[in-house]
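Structural description and commentary
Residues per chain are reported as follows:
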Amino acid sequence: MANSKGWFNLEAAGGAIPDTQFFEGDSAFSFLGLTRTQRLYGFFGCLAAGFVLSLLGSIFLFLGSLASFAILYALGTIISLIGTGFLIGFTKQVKMMFKPVRVVATIVFLGSIGLIFVGAFVIRSDILCIIFVIIEYLAYTWYTLSYIPYARTAVLKVFGL
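Before going into details, it helps to say that this report is about the structure given with it. Keep in mind that this is a model prediction, so the values were computed, not measured.

Analysis parameters
- Residues numbered from 1 in each chain as written.
- Predicted model: local features only at pLDDT ≥ 70, side-chain atom pairs only at ≥ 80, totals over all residues.
- Heavy atoms only, no water.
- 1 Å grid on protein atoms, 1.4 Å probe; cavity = no way out; pocket = protein on both sides within 12 Å on 5 of 7 lines; lining within 4 Å.
- Points joined across faces, edges and corners; volume = space filled by probe spheres on them.
- Nonpolar A, V, L, I, M, F, W, Y, C, P; charged D, E, K, R; others polar.
- Helix = DSSP H or I, 4+ residues; strand = E, 2+ residues; numbered from the N terminus.
- Phe/Tyr/Trp six-rings, centres within 6.5 Å; stacked < 30°, edge-to-face > 60°.
- Buried < 20%, exposed > 50% of the residue type's maximum accessible area, 1.4 Å probe, protein only.
- Patch = residues over 30% accessible without salt bridge, like charges linked within 9 Å, V, L, I, M, F, W, Y side chains within 5 Å.
- Areas by Shrake-Rupley, 256 points an atom, 1.4 Å probe, with all protein chains shown as cover.
- Salt bridge = Lys/Arg side-chain N within 4 Å of Asp/Glu carboxyl O.

**Observations regarding the layout of surface pockets**
- Reported here for the largest pocket is a volume of approximately 640 Å³.
- Lining the largest pocket are 26 residues, and of these Leu-47, Ser-80, Leu-81, Tyr-140 and Thr-144 sit closest to its centre.
- Taken together, the residues of the lining of the largest pocket sort by class into 15 nonpolar, ten polar and one charged.
- Taken as a whole, the second largest pocket encloses approximately 170 Å³ of empty space.
- Taken together, Leu-138, Thr-141, Trp-142, Leu-145, Val-155, Leu-156, Phe-159 and Leu-161 make up the lining of the second largest pocket.
- Of all the secondary-structure elements, those providing two or more residues to the lining of the second largest pocket are helix 6 (126-145) and helix 7 (151-158).
- Its residues assigned to classes, the lining of the second largest pocket shows seven nonpolar, one polar and no charged.

**Examining the packing of aromatic side chains**
- Under the criterion given, the structure shown has six aromatic pairs.
- Ring centres of Phe-117 and Phe-121 lie 6.0 Å apart, and the angle between their planes is 10°; on these two criteria the pair is classed as stacked. Of this pair, Phe-117 and Phe-121 are both found in helix 5 (residues 103-122), four residues apart, which corresponds to roughly one turn of the helix.
- Given the relative accessible area of 30%, Phe-117 is considered partly exposed.
- The class of Phe-121 is partly exposed, set by a relative accessible area of 35%.
- Three or more aromatic residues joined by ring pairs make a cluster, and in this case those are Phe-109, Tyr-140, Tyr-143 and Tyr-147.

**Topic: a nonpolar patch on the surface**
- Together, Phe-51, Val-52, Leu-55, Leu-56, Ile-59, Phe-60 and Leu-63 make up an exposed nonpolar region whose accessible area comes to about 670 Å².
- Relative to the helices and strands, Phe-51 resides in helix 1 (residues 36-63).
- In this structure Phe-51 comes out as exposed when scored by relative accessible area, which is 56%.

Structure representation (structure tokens):
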């Protein structure tokens, strides 16, 4: 048996994973000398931690603790976003986020994170926090669709726009 680590052996698949844009040298963590596998683990770890924090924040929202919600939810979103630094680096991520095709979605996405704090700490409104979360998800979805060829066009056609 050539592969004793099981089906999730990323090191053995190292030769099969192409060095695409996600593994180019501009990783924010390249100074640590992380392997491709370690960078993938870092990405998925941040993604999972961000999801858990956002989920906990959402639970606090429904329990009536707006301050805990805003802090945990925003922290979860930011940690998930930081995870891409393990793959392509922060500099490249920011450049890609602010390309003309994505700039509006990026600004709405980042702005909605700030507005969640405003809704929680300044206005103290559960409803506004939920609205800002929905806006954040819509902006993130639109942002993500910009990476898939013709995805935005297809979505617009589905909704008859």
